[in-house]
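# Residue-level structure breakdown
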Amino acid sequence: MPSVFVQGRPTAAYPPLAPEARRGSVRRVTEAGEEVLHKPCRDVTEFGPDLAALIDDMFRTMYVAEGCGLAANQVGVDLRLFVYDCPDDGVRHVGHIVNPVLDALDPAGRRLLDEGEGCLSVPGAVMAVPRPDRAVVRGLDKDGEPLVVEGTGYFARCLAHETDHVNGQVYLDRLSARDRKRALRQSADRRDEVFARRAANAEALAEALAETGSGSDTGTGTGTGTATGS
């Protein structure tokens, strides 16, 4: 079985960081409570260089923040779009999806996994959230071509989490009032540490890419697929 799927398709070889990150710039990650995170995003209607540049920036920002997924409203852009680089059971899934729609699953045939989940917009907090063990998302790629991405396990969680984002929902909204307060306390306690690590990651990645010149992205010190990042 291939170890990497890019845009839902098996790929023989792929670099440690998506090539988009080499071209992108780091953007500020919005935090829970900011309006852009709490309202449904607008459909993407224009495809071209501006959209491609946004995707580049989102990949770079996601890696610096040690995430496995990132939605456009998490960098302050009110558009239905997310990127991901997410592992699951030894398989890596990388890509982006525009105007994503999550398929409704038959309740009789789905299994819920109550596992740890976090969010780059709630820095440092991790809480158990029940999610289906399978997800199918339909949308478009950056060129406007139809795209279907299917995931199981942790990748299914990532797909559902990011689709929630473009619908104006953060994972805190799926928690009880008690657990929501716990998550916000965790975030308050760990926020400074998280932001210091992101700053160090941004510097390390910039230095590594400057040194190689060719865009090699090995040895940057950044990570993907952390339980705290989407």
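Scroll up to find the structure this text is about.
Residues numbered from 1 in each chain as written. Predicted model: local features only at pLDDT ≥ 70, side-chain atom pairs only at ≥ 80, totals over all residues. Heavy atoms only, no water.

Moving on: the pattern of salt bridges. A complete count under the given rule lists 18 salt bridges for this structure. Measuring nitrogen to oxygen at the nearest pair gives 2.9 Å for the salt bridge that ties R131 to D164. Within this pair, whereas R131 is found in strand β7 (residues 126–132), its partner D164 is found in helix α3 (residues 153–166), the two being separated by 33 residues in sequence. For the pair R131 and D164, one class covers both residues: buried. Where D164 meets R174, a salt bridge forms, and the shortest distance between an N and an O atom there is 2.7 Å. Of the two residues, D164 sits in helix α3 while R174 sits in the loop between α3 and α4 (177–212), which places them 10 residues apart along the sequence. Classification of R174 as partly exposed rests on a relative accessible area of 41%. (Salt bridge = Lys/Arg side-chain N within 4 Å of Asp/Glu carboxyl O. Helix = DSSP H or I, 4+ residues; strand = E, 2+ residues; numbered from the N terminus. Buried < 20%, exposed > 50% of the residue type's maximum accessible area, 1.4 Å probe, protein only.)

Residue position: R60 is located in helix α2 (residues 49–64). At a separation of 3.3 Å, a polar atom in the side chain of R60 contacts the main-chain carbonyl oxygen of G24. Sequence-distant contacts of R60, defined by excluding residues within four places in its chain, comprise A21, R22, G24, S25, V26, L205, A206 and L209. (Polar contact = N/O pair within 3.5 Å; in protein donor to acceptor, adjacent residues only side chain to side chain. Contact = heavy atoms within 4.5 Å.)

Burial analysis of strand β4 (residues 81–88) places seven of its eight residues in the buried class, which makes it a mostly covered element. Sheet topology places β4 next to strand β5 (residues 91–102); eight bridges connect them, and they run antiparallel. Considered in β5, the bridge of V83 is made with H96. Linking β4 to β5, which pair antiparallel, is a turn of two residues; within it D89 sits at a positive phi near 50°. (Pairing = 2+ DSSP bridges.)

Another aspect to go through is α4. Here α4 contains 36 residues, and its C-alpha end-to-end distance of 48 Å stays within 8% of the 52 Å for a straight helix at 1.5 Å per residue. Those residues of α4 that sit buried are A183, Q186, S187, V194, R198, N201, L205, A208 and L209. Residues of α4 that are buried make contact with α1 (20–23), α2 and β7. (Expected span 1.5 Å × (residues − 1).)

What follows covers the side chain of N73. With respect to the helices and strands, the residue N73 is situated in the loop between β3 (69–71) and β4. For N73, a relative accessible area of 0% translates into the label buried. Here V36 takes part through its backbone oxygen, which lies 3.3 Å from a polar atom of the side chain of N73.

Glancing now at unusual backbone geometry. Backbone geometry places Q7, a non-glycine residue, at a positive phi of 55°. Positionally, Q7 belongs in the loop between β1 (4–6) and β2 (9–11). With a phi angle near 50°, D89 is a residue other than glycine that sits in the positive phi range.

Structurally, P146 can be placed in strand β9 (residues 146–152). By relative accessible area, which is 69% here, P146 ends up exposed. As a C-alpha pair, P146 and I97 span 49 residues in sequence and 9.5 Å in three-dimensional space. Once residues within four sequence positions are removed from consideration, P146 is found in contact with G139 and L140.

Moving on to α3. With 14 residues, α3 extends 21 Å between its outermost C-alpha atoms, agreeing within 8% with the 20 Å of an ideal straight helix rising 1.5 Å per residue. With 14 of 14 residues buried, α3 is to be regarded as a mostly interior element. G168 occupies a position one or two residues after α3 and carries a positive phi of about 85°.

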